[in-house]
Structures are given as structure tokens and as C-alpha cells.
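# Topology and contacts: notes
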Amino acid sequence: MHAVRDHERAVDTLRRSYAAVPAGEPVRLAKQTSNLFRPRSAPRTPGLDVSGLTGVLAVDPAARTADVQGMCTYEDLVDATLPHGLMPLVVPQLRTITLGGAVTGLGIESTSFRNGLPHESVLEMDVLTGSGEIVTTRPRGEHAELHRAFPNSLGSLGYATRLRIELQPVRRHMALRNIRFTRLEELVDAVGEVVAKGAWGGEPVDAMDGVMFSPGEAYLVLGTFTDEAEDGPSDYTGQEIYYRSLRRRTRDTLTAYDYLWRWDTDWFWCSAAFGVQHPVVRRLWPRRYRRSDVYHRIVRLEHRHQVAARVDRWRGRPARERVVQDVEVPLDRTPEFLRWFAANVGMTPVWLCPLRLREPAGPGSAKAWPLYPLRPGETYVNIGFWGSVPIAAGAADGDVNRQIERMVSEVGGHKSLYSDAYYDRGEFDRLYGGETWRAVKDRYDPDHRLTGLYEKAVTRA
């Protein structure tokens, strides 16, 4: 009962802070961490007070559900569910991603080839709408249209204060097979087999992702939950670095907990930019600071003060364009896109994460989500690449990202909106359900107090 009363007080505090934002002023959450890579204009008013909406309200082991506040991080959510032998159906790879953020802004991980995206396991949500009301949405019922339009709305339709989600059983360890491919077509065939059979080489598969170092060297990592760990689990929170192990080990085992956060310790491979992968620096850098949110804070400081950019100019080096994106490409077009990317962008490694919209009642039961309209029944590969490239002579900042957007559309894919986007409004509306978004916006935010989706994603409002 205490948790319920505390939650009600926190929601009341949120509503009062929303009412206090003057009409016409931008509405933002007041939060300490962010996983966005979109620069935004500085706020002129205090953000919404979500300080009391960061916890897990209840875990029901029998029903395999959890009631979670919108600003609860997956790190805290997993800490609450693992003691019950349960985990969310999809746990995004970075600890400080919030459940509300993963639903309104999308998320993905290695269970997505069968469990889809985080919003697909949401049974109901309480949402603070632009009109200042709290409504409860479900897949069917009075507010079903808001439930369907909320994923990928990025806070333009409201903010989730409570979500009830499904959970899945988990065992103590994850046994891994790191399978090398020298031809991307063979990797794609293996993904198709796992999707069709739930197994590869006669062994069941519970999780699947991979890494491409080059078109001639790519790895598919197939995971199986188990209670056994013959040689003891590996530890990649110390001197060893997870992504490098794919080249050295054909089999591996991690605890379930360490598997969920295997990418967070080194922000995939991006910690190299801070020297953290150098053996001497790694020994001196405390473990508690080997986390994605620490690295992201450093990046935000660099964006603000431009220290590295000034040093590059002093040394006569070209300016650099940030290329930080996740894109979904249909499985059969994945080799084509990856070869194009290697030839035209050249960043390595890149992350590979197969996904399909969830089919909760078996084949044919998947449903589309209008603001991120992946096709039911089709397998995609999420391709993640995070870094920067030099701006070529005669080119402008943003040119490489625009080329990527064009190629993603050419191969029938989609791009996540947590980072820079350059679409014109017409193309954006076509790709991201503009007609549906406007209809839902007019009903739940009739005065358009919340910043629009295009303005958030493209014009950086």
C-alpha cells in the first residue's frame, strides 16, 4: 500500500509541475540521464518533476508481470525481477534506458528475434497526456488508439507514469556460441534458420545478435539460457573486453546478469574513445565508472565545450560528422546494405541484432505499430553504428547521415529517431505514421502543448 500511495503522490507532483509550465513554453522531463544523441535547444522553464517515478511497484511471479513506473531504469527493473527468476521480454543493452523511454522511443536486444520490441509486451499504461489528464491505455478499449500510437512518439503524445509488462523466465547463465562468417549471405541464412526453427545446429537459441568487423568477418552470437557453467562464467567488467572475445572464443558463458549488461561496460566498443580499453587506463579507471551513462556524460560535455573539435582544428585536421544511428533493414537486403555501408561510410565494428514483430499467438498474430511501421511476418536486422567520420572537402556536416537515410529507404528499412534525422516533413510523415499521429495528437493534446514528433526528431526543438 505504501508503494501505491507514494506512486499517487508522485503522479500528483508530476501533474502539478506540468500545470506550472506556461502555455507556449516547451515541456521537458527533468531527469539526470539521457540516451538521446539529438542536440536540443536549452529549456527556458523547469522540467517536469518525475523524481518519484523511478521504481518498480510490484512483481507478480505467478502472472509473470511487473508494474513499473515510467522513469524506472532497466538496471533497477532487472534487479527486481531476477531474484524471481524472471526478466523483461526485451532488455535494451544500456543500463540507464528507462522503461518509459524504451516504449515511447523504442528499444531492442538479442531476444527481439522472437519477442519483438519492448512496447509489444506492455499490457497497459497510465499516460499523462497533453491535456493534463491521466488515462489508462490497453491494446483494446477506449484508449487503444493512444496505446498503438504511443511507441515511437518520443513524448509528443504524453508520458507514461506506470506500465504493466509481461516477464519471461530466465536461468542463471547464458551459454554462447560465437560463429564466424566470411560471407554475409551465410550469416543471413543462419539468422533465417534460427528464426524459423528456434535453433541452430541442433541447439536451441534464446538470444541472437552479432558484430560485423568487415564484410568478410562477421560473427553471430547465439545464446541459450542454462543453469550450468562448466568452466565458470567469464567476466567482462574487468580487464577483458566483451566484443574482442568474439574473435578469440567459439564458446563462452556469462551469468544471466552479466549477459544482460555485456554491452554496457564498454558502451559496446565506444569506450575506446576515452582510452578505457588501454590496459593501463583500464586498471586505473574504477569499475563503477565503466558504464554507458558515464561515457555519455563525457560526450555531452564535449558537445557543450567542443574541446576535441578545437584541438583538431589547431592540428589542421578536418571537422568530423557524428554518425550515431540504429537502422532496421529487411533480412534479405542486409548484405547489400552492409557492403554499401562498408564502402561508403567505413565505420567498424557495427552491431547486428535480428528482430521480428512479436507473434504472441503464433504465426500471423503480429500487429503493426503505426508510428514505426515494420511489416508483420518479416525479419529485419537492426544495424547499429556509433562514431564519427571526417567531413570531406566540399561536403557539409550531415551529408553522410543523409546518404544513410536514403540508402535505408532504398532497401525498405527504417531508422530509429534517438539521434540526428534530416527528413523533410512529407517524407517523415510517410515513414513515421504522420496521419495517425496527427489524429491521436488532436484528441489527446488538443492545444498541442507537447512538442511535435517532427520537431523533436528533426528540428531539435
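The following refers to the structure shown.

What counts, and at which threshold
Residues numbered from 1 in each chain as written. Predicted model: local features only at pLDDT ≥ 70, side-chain atom pairs only at ≥ 80, totals over all residues. Heavy atoms only, no water. Helix = DSSP H or I, 4+ residues; strand = E, 2+ residues; numbered from the N terminus. Rg over C-alpha atoms; globule rule 2.2 N^0.38 Å. Buried < 20%, exposed > 50% of the residue type's maximum accessible area, 1.4 Å probe, protein only. Contact = heavy atoms within 4.5 Å. Areas by Shrake-Rupley, 256 points an atom, 1.4 Å probe, with all protein chains shown as cover. Lys, Arg positive; Asp, Glu negative; His and termini not counted. Charge placed at Lys NZ, Arg CZ, Asp CG, Glu CD. Arc of directions from axis to C-beta. Salt bridge = Lys/Arg side-chain N within 4 Å of Asp/Glu carboxyl O.

Further remarks concern the overall build of the chain. Looking only at helices and strands, the chain has 16 helices and 18 strands in total. Against the compact-globule benchmark of 23 Å for 461 residues, the chain has a radius of gyration of 22 Å, which places it among compact chains. If you line up the chain on its principal axes, its C-alpha atoms span 60 × 55 × 45 Å. Out of the 461 residues belonging to the chain, those deemed buried represent 54%. Residue pairs in contact within the chain that sit at least 24 positions apart in sequence constitute 72% of those at least 6 positions apart. Of the roughly 19,800 Å² of accessible surface on the chain, 51% is carried by carbon and sulfur atoms. Once the 61 positive and 59 negative side-chain charges of the chain are each reduced to a mean point, those two points are 4 Å apart.

The next subject is helix α2 (residues 74-81). When α2 is considered as a whole, its buried residues turn out to be Y74, E75, L77, V78 and T81. Across the axial projection of α2, the buried residues extend over an arc of 160°, all falling on one side. Close packing links the buried residues of α2 with β3 (56-60), β4 (65-69), β5 (86-88), α3 (99-105), β8 (158-169) and α8 (256-260).

Another point: the pattern of salt bridges. Under the criterion given, the structure shown has 40 salt bridges. A salt bridge links D264 to R95; the nearest nitrogen and oxygen atoms lie 3.4 Å apart. Taken together, the positions of D264 in the loop between α8 and α9 (279-284) and R95 in the loop between β5 and α3 put the pair 169 residues apart, joining distant regions of the chain. Take D264 and R95: they sit in the same class, and that class is buried. What you see here is one network of salt bridges that share partners, running through D67, E124, D126, R138, R162 and R164.

Note that all results are geometric; they support no functional claim without further evidence.
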